[in-house]
Each structure stands twice: as structure tokens, then as C-alpha cells.
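Chain by chain, the residues:
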Amino acid sequence: MTDRKEHACDLCGSSESTPIECAPSYTNGQAVHVCNNCGLVYVPLRRSAKAIADDWSDRLFKEETVFNTQTYSARIPAIKSRQMFVADTIDTELGLKNKTLCDIGAGEGQFLEIVNAVEYGAKPFGIEPSSELCSKMTSGGFENFCGAIEDYVDAGEVGKRQFDIVTIMWTLECSADARTMLKAARAVLMDGGHVVVATGSRILVPFKKPLQFYFDPKPLDTHPVRFSANTLRALLISSGFKIKFINRYVDQDCLVVIAEKNDDVDSSNWQGDNSKDVLDFFKRWDNESQTYYKDYQDE
């Protein structure tokens, strides 16, 4: 756990935060904090953006996986189903036919395949840090950029092409700098284009899994930010997006927010969460997990 730097809150920039008391017992001692000002849940100690991207490429992305291994792939039923959910949500709310779409964190390109199929008819492009996975996208006939979103910005690619839709699915929370990712997303969008952010719906909702399946001993800076509906909407608004749609996240597994690139947004007009409510939520989640699911493990 070397070469880590202290980060302030990704949403409001405050350095005043409170650690979640129970978290270290699930995370091998790693701290998870709640911002005292806006209630964002975040990991304060992080490696560089490149180190995190390399970790995803070299350790976490492999061909064969299930949820209880150290690796990750989209080609399992649970992941494909949530990608289908996002695709159908976009098509219902915005329409996908002939739309240009950029997927940030595209993995092996499964979502590109889904939205490019006849049913939806989008024209997708992928951004992905893993060279192995980019090769798979290329083999599948999909244009892509190999690198993290920060590399995409540094390479001067932002502004060279414009998209109708940018998707960030279970990826914004994995970025070392979520605001930079949204800034890049905004830059590659056409005026009036839309960003679609999808993530798990876990905070300030009914408990949907034991806490040991939310926190784990792996390096937490691979998922340095954990969003509630309020904090995700707040980050989008403060990044210059107008909220257009949010799904019924309270009882659905996913949290999906669609927001429009809009120059008239008051980026200061947002609301986060009450930090005491968030801390109490995790205390109750820990109690529930320890009471009923302490010994439960994936088979």
C-alpha cells in the first residue's frame, strides 16, 4: 500500500470527513470516509490514475471470472443483463438508432456489440485502458482508443470527434478523478448530447447485499468513490450537466442517470446527502450483515 496520496472529497473539495467505523473490518484495514459537507462516500488514500488503470488491466480483467474471484469480465449473465438494462433504458429515453455513442471503460466491447445490434442500431466507439481488451474490440470491428480517459485527454483526442451519447457504466466510481472523467465526457459530446452514468444502487436504499460483498480486502482505490442518487446527480450538475432522467433506483439494482450537456446549468445548485444519515446507514448495514449473513460466502 505504497505511493498513495490523500485526496479531498471528489464532489465538494472539502477535506473534512469521517471514517466509516465498520469499514476496516471488511477491507483489511483500509479506510472509507464520508464527507462531512456533502455526504459523498470516498476512499481518501489513492494511487495515481495510471497505477489504478494498470491494476484493472493487469490484475482485474481476465477472460474467465465470476463475482467471487479477483478478476472481472462482462461476459457473465449478471453483467450482460445490467448492460442490456442500460441499453434499453437509453433507447427508451433517447433512442439509439444511428446515434454515435462513446463508451468510457468499454472492456472487451460487449456493450458496443449490444447497442450496435439491429435492435438498437447505434454507432459505438470504445475507450479502454487494457490493450488486450482493445484488441478484442478491434477484432470485433469496433473503433477504440487504448488508454484511460486521462490518456485520451492528454493525447489531444478530446474535441476531434463528437458523440450524441457518452456512456460511463460502472466506471465513474473506478476513476481516480471522477470530475476529470465527466469533463472529458462533456468535451466529446455534441451540444445537447447526453451522458449516461450507470452504477450500483447501494447507498441510502434498502440493503441489497451483505456488506462483505460491497467492501472487500482488495485495493479500495480501484473503486475510490461510491455514489448515492443525490451525490451522483450533484456531481453531474456541478460538472455542467442537466439531469433528464433517473431510474427507480430504490428497488432496482442499478442507478442510472441520464444528463444533458447544457450551458445554462447552474453548477452550484446541487444537494448532496446528510453525512450523519450516511454514517448511520453503514452502521445499520453492518449490524444487519453481522446478524444475518456473517457466515455467508459465495459458493
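Cut-offs applied
- Residues numbered from 1 in each chain as written.
- Predicted model: local features only at pLDDT ≥ 70, side-chain atom pairs only at ≥ 80, totals over all residues.
- Heavy atoms only, no water.
- Helix = DSSP H or I, 4+ residues; strand = E, 2+ residues; numbered from the N terminus.
- Buried < 20%, exposed > 50% of the residue type's maximum accessible area, 1.4 Å probe, protein only.
- Polar contact = N/O pair within 3.5 Å; in protein donor to acceptor, adjacent residues only side chain to side chain.
- Contact = heavy atoms within 4.5 Å.
- Core = buried A, V, L, I, M, F, W, Y, C linked by side-chain atoms within 4.5 Å.
- Salt bridge = Lys/Arg side-chain N within 4 Å of Asp/Glu carboxyl O.
- Pairing = 2+ DSSP bridges.
- Axes fitted to C-alpha atoms, helices over the stretch in contact; angles between N-to-C directions.

Thoughts on the side chain of D10
Reasoning step 1: Checked against the element boundaries, D10 lands in the loop between β1 (5-6) and β2 (17-19).
Reasoning step 2: The class of D10 is buried, set by a relative accessible area of 13%.
Reasoning step 3: Within polar-contact distance, the side chain of D10 engages the side chain of R46 at 2.5 Å.
Reasoning step 4: With residues up to four places along the chain from it excluded, the contact list for D10 reads L40, Y42, R46, A176, A178, R179, V225 and L235.

Quick look at the nonpolar core
Reasoning step 1: Formed by 37 residues in total, the largest nonpolar core has its most connected members in L40, I104, V166, I168, L172, V195 and L236.
Reasoning step 2: Only β6 (100-104), β7 (123-128), α6 (149-154), β9 (163-169), α7 (178-188), β10 (189-200), α8 (229-238) and β13 (254-261) provide two or more residues apiece to this core.
Reasoning step 3: If one sorts the elements of this core by residue count, α7 sits on top with six residues.
Reasoning step 4: Other than its neighbours up to four places away in sequence, L236 contacts L182, V195, V197, F241, I243, V257 and A259.
Reasoning step 5: Counting residues in each nonpolar core, the second largest holds 19 residues, with I90, W170, V196 and V256 among its members.

A few points about the side chain of S175
Reasoning step 1: With respect to the element layout, S175 can be found in the loop between β9 and α7.
Reasoning step 2: With residues near it in sequence (within four places) discarded, S175 still touches E150, M181 and P224.

Some thoughts on the environment of L220
Reasoning step 1: Here L220 shows up in the loop between β10 and β11 (225-226).
Reasoning step 2: Note: C-alpha distance between L220 and I20 (200 residues apart in sequence) is 14 Å.
Reasoning step 3: If we skip the residues at most four places from it in the chain, L220 touches T27, Q30, A31, V32, V43 and R226.

What to know about the pattern of salt bridges
Reasoning step 1: If you walk through the whole model with that rule in mind, you get eleven salt bridges.
Reasoning step 2: K218 is the salt-bridge partner of D216, the closest N and O atoms lying 3.1 Å from each other.
Reasoning step 3: According to the relative accessible area criterion, D216 is partly exposed, its value standing at 22%.
Reasoning step 4: One network of salt bridges, with partners in common, ties together R4, R47 and D221.

Quick look at unusual backbone geometry
Reasoning step 1: The phi torsion at N98 lies on the positive side, around 65 degrees, for a residue other than glycine.
Reasoning step 2: Following the sequence through the fold, N98 ends up in the loop between α3 (77-93) and β6.
Reasoning step 3: Judged by relative accessible area, N98 falls into the partly exposed class, the value being 49%.
Reasoning step 4: In the Ramachandran plot, W170 falls in the positive-phi region, its phi being about 50 degrees despite a non-glycine side chain.
Reasoning step 5: The class of W170 is buried, set by a relative accessible area of 15%.

Things to note about the sheet that holds β6
Reasoning step 1: Strand order in the open sheet made by the seven strands is β8-β7-β6-β9-β10-β13-β12, with mixed pairing throughout. Where the open sheet ends on each side, the last strands, each with one partner, are β8 (144-146) and β12 (241-246). Across this sheet, the average inter-strand angle for adjacent strands is 20 degrees, counted without regard to direction.
Reasoning step 2: In the packing of α7 onto the sheet, the strands contacted are β6, β9, β10, β12 and β13, and the crossing angle to β10 comes to about 145 degrees.
Reasoning step 3: The sheet strands contacting α8 are β10, β12 and β13, and the helix crosses β12 at an angle near 145 degrees.

So, to be careful, I would describe these as geometric facts and stop short of saying anything about function.
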